[in-house]
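As a plain string of letters, each chain reads:
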Amino acid sequence: MQNRNLRNIVILVCICLLSTPIATIISDCISETTTEYAISRIYNYSWSIRFACLMLAMYFVFDRKEH
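Along each chain, residues carry numbers from 1 onward, in the same order as the chain's sequence is written. Restriction of local features to residues with pLDDT of at least 70 applies here, the model being predicted, together with a cutoff of 80 or more for giving and counting side-chain atom pairs; totals for whole chains, interfaces and linings are based on all residues. The side-chain values count all of the structure's non-hydrogen atoms but skip hydrogen atoms and water molecules.

Draft legend 1. Seen up close, the environment of M58. Secondary-structure assignment places M58 in helix 3 (residues 36-61). Sequence spacing of M58 and I9 is 49 residues, and the spatial spacing of their C-alpha atoms is 8.8 Å. A run of H or I in DSSP becomes a helix once it reaches four residues, and a run of E becomes a strand once it reaches two; helices and strands are each numbered from the N terminus.

Here's what the structure looks like:
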């Protein structure tokens, strides 16, 4: 694995760890109320961010192209 791919994976891990605060910011931009629905939306956004990071990390790990 190249240094560039390793750097990208580290960035994705950091985004994954910050997914809940990022999802909270996204949810606050959409709605100002904190209800059970908003908390559920934050939970769903954070898992979407984590899943996207996982997919991108798997792409970088299993990328077979020689750069």
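That covers the picture; the talk isn't over yet.
Draft legend 2. Spatial organisation of the packing of aromatic side chains. Under the pairing criterion, centres of Phe, Tyr and Trp rings, with the six-membered ring standing for Trp, must be within 6.5 Å; the plane angle then separates stacked pairs below 30 degrees from edge-to-face pairs above 60, leaving the rest tilted. Following the criterion strictly, the structure yields two aromatic pairs and no others. Note on Y43 and W47: the rings are 6.5 Å apart at their centroids and 70° apart in plane angle, and the pair reads as edge-to-face. One end of the pair is Y43 and the other is W47, both in helix 3 and four residues apart, which spans about a single turn. Accessible area is worked out with a 1.4 Å probe on protein chains only. A residue is then buried under 20% of its type maximum, exposed over 50%, and partly exposed in between. For Y43, a relative accessible area of 51% translates into the label exposed. Note that R50 overlies the ring of W47, its terminal NZ or CZ placed 4.7 Å from the centroid. Distance and angle both matter: a charge sits over a ring if NZ of Lys or CZ of Arg is within 6 Å of the ring centre and within 35 degrees of the ring normal.

Draft legend 3. Looking closely at helix 2 (residues 19-30). In this model, helix 2 (twelve residues) spans 17 Å end to end at C-alpha, consistent with the 16 Å of a helix rising 1.5 Å per residue. Those residues of helix 2 lying buried are S19, A23 and S27. Viewed along the axis of helix 2, the buried residues span an arc of 65°, placing them on a single side of the element. Within helix 2, the exposed residues directed more than 90 degrees away from the buried face are I25 and C29. Contact definition: two residues touch when any of their heavy atoms are within 4.5 Å. The inward-facing, buried residues of helix 2 abut helix 1 (3-17) and helix 3. Expected span of a helix, by definition, is 1.5 Å for each gap between consecutive residues, and there is one gap fewer than residues. Arc, as used here, means the arc of the directions from the helix axis to the C-beta atoms.

Draft legend 4. Structural view of the confidence of the model for the protein chain. Scored between 0 and 100, pLDDT is the confidence that the predictor attaches to each residue. With 85% of its residues at a pLDDT of 70 or more, the protein chain has an overall mean of 78. By mean pLDDT, the top-scoring element of the protein chain is helix 3 (82), and the lowest-scoring one is helix 2 (78).

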